[in-house]
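The residues making up each chain are set out below.
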Amino acid sequence: MIDLAAAIALIENTAAPLPPRRMRLLDACGRVLAAPVHSDVDSPPWDRAMMDGFALRGDDVAAAAAGVLEIDVVVDLAAGDVTTLEIRPGCCARIMTGAPIPRGADAVIPVECAVDDTQGTHAGGQVRLRDDKFRPGQHIARQGAAFRTGQEVLAAGMTLGAAEIGLAAEAGATHVVAAPQVRVAILSTGSELVPPDAVPAFGQTRNSNGPMIAAAVKLLAAEPIPLGIAADRPEAIRAAVAQGLAADVLLLSGGVSAGDLDLVPEIFRLCGVEKIFHKVRLKPGKPVWFGILQREQAAPTLVFGLPGNPASSLVCFELFVRPALRILAGLPREQWHLSRACGRLTAAVKAAADRPVYLPCRLAKSAGGLEATPLPWTGSSDLLGLAGAAGLIALPAGGKRFEAGDEVEVVVR
Ligand code: AMP
Ligand code: MG
């Protein structure tokens with residue numbers, strides 16, 4: 001049995017980022033960029049109208065008598081239209097947002113500034129404009145104001161969210177080099193288990209870990225590969241484990257404690273998985289197992305044996321599996337773990353004598369900081385207490401009773 005901090009350090013030292021790959025831009029959504037993206041265009045690519053209105057020479061406005069400018073409209077420019085025409089003094093273009101500013105023009109007067117019902121004026125007519133807030137150069141986004149051709153617009157290490165994908169598209173990157181999606185095989189072991197769509201007979205238990213762990217994997221932008229249920233028979237578990245070892249990570253639940261039918265550690269050994277630790281001073285989650293399978297042609301497979309009890313399984317996922325998946329996905333250290341904060345208890349809780357305890361709680365921000373309200377929870381098989389828990393209260397070993405108002409450490413989910 002090892003300490004929680006030692007277990008986490010072993011995971012951090014064992015897991016390594018998966019080798020990056022070139023992939024289609026949208027396939028990289030949620031992945032970490034491994035090579036920077038440079039733009040093949042200026043942004044904006046040319047001087048762009050930012051308002052619907054009239055593009056003209058700012059000098060004309062300065063020269064207008066009594067603030068009203070009467071001016072000839074010589075061309076209509078919608079977004080996508082271009083012209084070689086030059087705007088001369090006394091002339092303007094009727095222009096729509098997104099169209100290139102024609103030569104000679106250096107400001108846009110919004111269409112709302114047209115007076116005497118001349119708003120609808122098109123090429124061939126005359127418009128009268130009054131813009132009391134006129135500034136030289138107004139309502140034009142200048143070519144290259146945001147970034148220039150050749151400029152690095154996305155750095156390696158950035159996670160590609162919606163804005164980053166949009167920017168890469170604008171910069172002309174149809175493909176990027178990024179960490180691949182982490183593939184995670186999920187196997188539930190136990191002869192008592194039945195699929196969630198079955199009505200459990202006496203002695204049977206629905207496989208809640210399978211969907212729960214798959215959901216936790218999905219929420220980390222990794223790919224769950226559900227392997228279903230294996231009964232507590234060595235051949236059944238071994239066949240399923242062999243299949244799961246083809247993934248980047250195998251998450252197995254159940255059968256890892258010390259009972260007669262806790263066959264999993266021996267099966268891992270027979271499959272060539274090297275044990276790194278088994279059992280951690282932690283409540284819930286003590287039976288957790290972690291190891292690694294070295295592979296010839298591929299990155300190693302990380303293997304976790306999670307406790308069968310669902311709440312224990314999820315706590316172990318949050319504390320141990322999460323950082324492993326984050327590391328494999330190439331994320332920077334600050335993003336490996338759930339954040340920890342200081343919270344004030346709203347009710348008393350008791351620590352365990354021998355190991356740290358994690359208790360589900362609600363979190364609320366108050367004037368005095370974060371408030372942690374312990375949720376009613378019957379223990380490691382109770383998912384009802386965990387559902388809706390925004391955090392986990394982390395109590396150190398020592399058996400101390402913490403009172404309402406005491407400061408405790410909370411893990412924010
Ligand atoms: P084990 O770790 O196999 O000794 O299982 C501990 C407890 O967790 C037992 O009550 C099991 O029935 C239960 N359990 C194991 N696997 C699952 C699962 N996939 N879904 C729900 N409960 C489970
Ligand atoms: Mg079992």
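In what follows, the structure referred to is the one given above.
Because the structure is a prediction, the values reported are computed rather than measured.

Enquirer: Help me out: how do you make sense of the packing of aromatic side chains in this one?
Expert: Describing an aromatic ring pair means giving the distance of the ring centres and the angle of the ring planes. Following the criterion strictly, the structure yields 4 aromatic pairs and no others. Taking the centre distance of 4.6 Å and the plane angle of 45° together, the rings of phenylalanine 268 and tryptophan 289 count as tilted. Residue phenylalanine 268 is located in helix H6 (residues 264-270), and its partner tryptophan 289 is located in strand S21 (residues 289-293); the two are separated by 21 residues in the primary sequence. Each member of the pair, phenylalanine 268 as well as tryptophan 289, carries the same accessibility label: buried. Geometry around tryptophan 46 places arginine 48 over its ring, the cationic atom sitting 5.0 Å from the centre.

Enquirer: What am I meant to see in the sheet that holds strand S18 (residues 249-253) here?
Expert: Two modes of strand pairing occur in sheets, parallel and antiparallel, and in both the strands are linked by backbone hydrogen bonds. Across the sheet, 6 strands lie side by side as S17-S14-S18-S22-S21-S19; this open sheet has mixed pairing. In this open sheet, the two strands that pair with only one neighbour each are strand S17 (223-230) and strand S19 (274-278). Between one strand and the next, the sheet's axes are offset by a mean angle of 15°, whatever the strand orientation. In this fold helix H1 (residues 4-14) packs onto S19, S21 and strand S22 (301-306), with an angle of close to 155° to the strand it touches most, S19. Along the sheet, helix H4 (residues 209-219) contacts strand S14 (183-189), S17, S18 and S22; its crossing angle with S14, the most-contacted strand, is approximately 165°.

The rules behind each value
- Residues numbered from 1 in each chain as written.
- Chains lettered and ligands numbered in written order.
- Predicted model: local features only at pLDDT ≥ 70, side-chain atom pairs only at ≥ 80, totals over all residues.
- Heavy atoms only, no water.
- Phe/Tyr/Trp six-rings, centres within 6.5 Å; stacked < 30°, edge-to-face > 60°.
- Helix = DSSP H or I, 4+ residues; strand = E, 2+ residues; numbered from the N terminus.
- Buried < 20%, exposed > 50% of the residue type's maximum accessible area, 1.4 Å probe, protein only.
- Lys NZ or Arg CZ within 6 Å of the ring centre and 35° of its normal.
- Pairing = 2+ DSSP bridges.
- Axes fitted to C-alpha atoms, helices over the stretch in contact; angles between N-to-C directions.
- Contact = heavy atoms within 4.5 Å.

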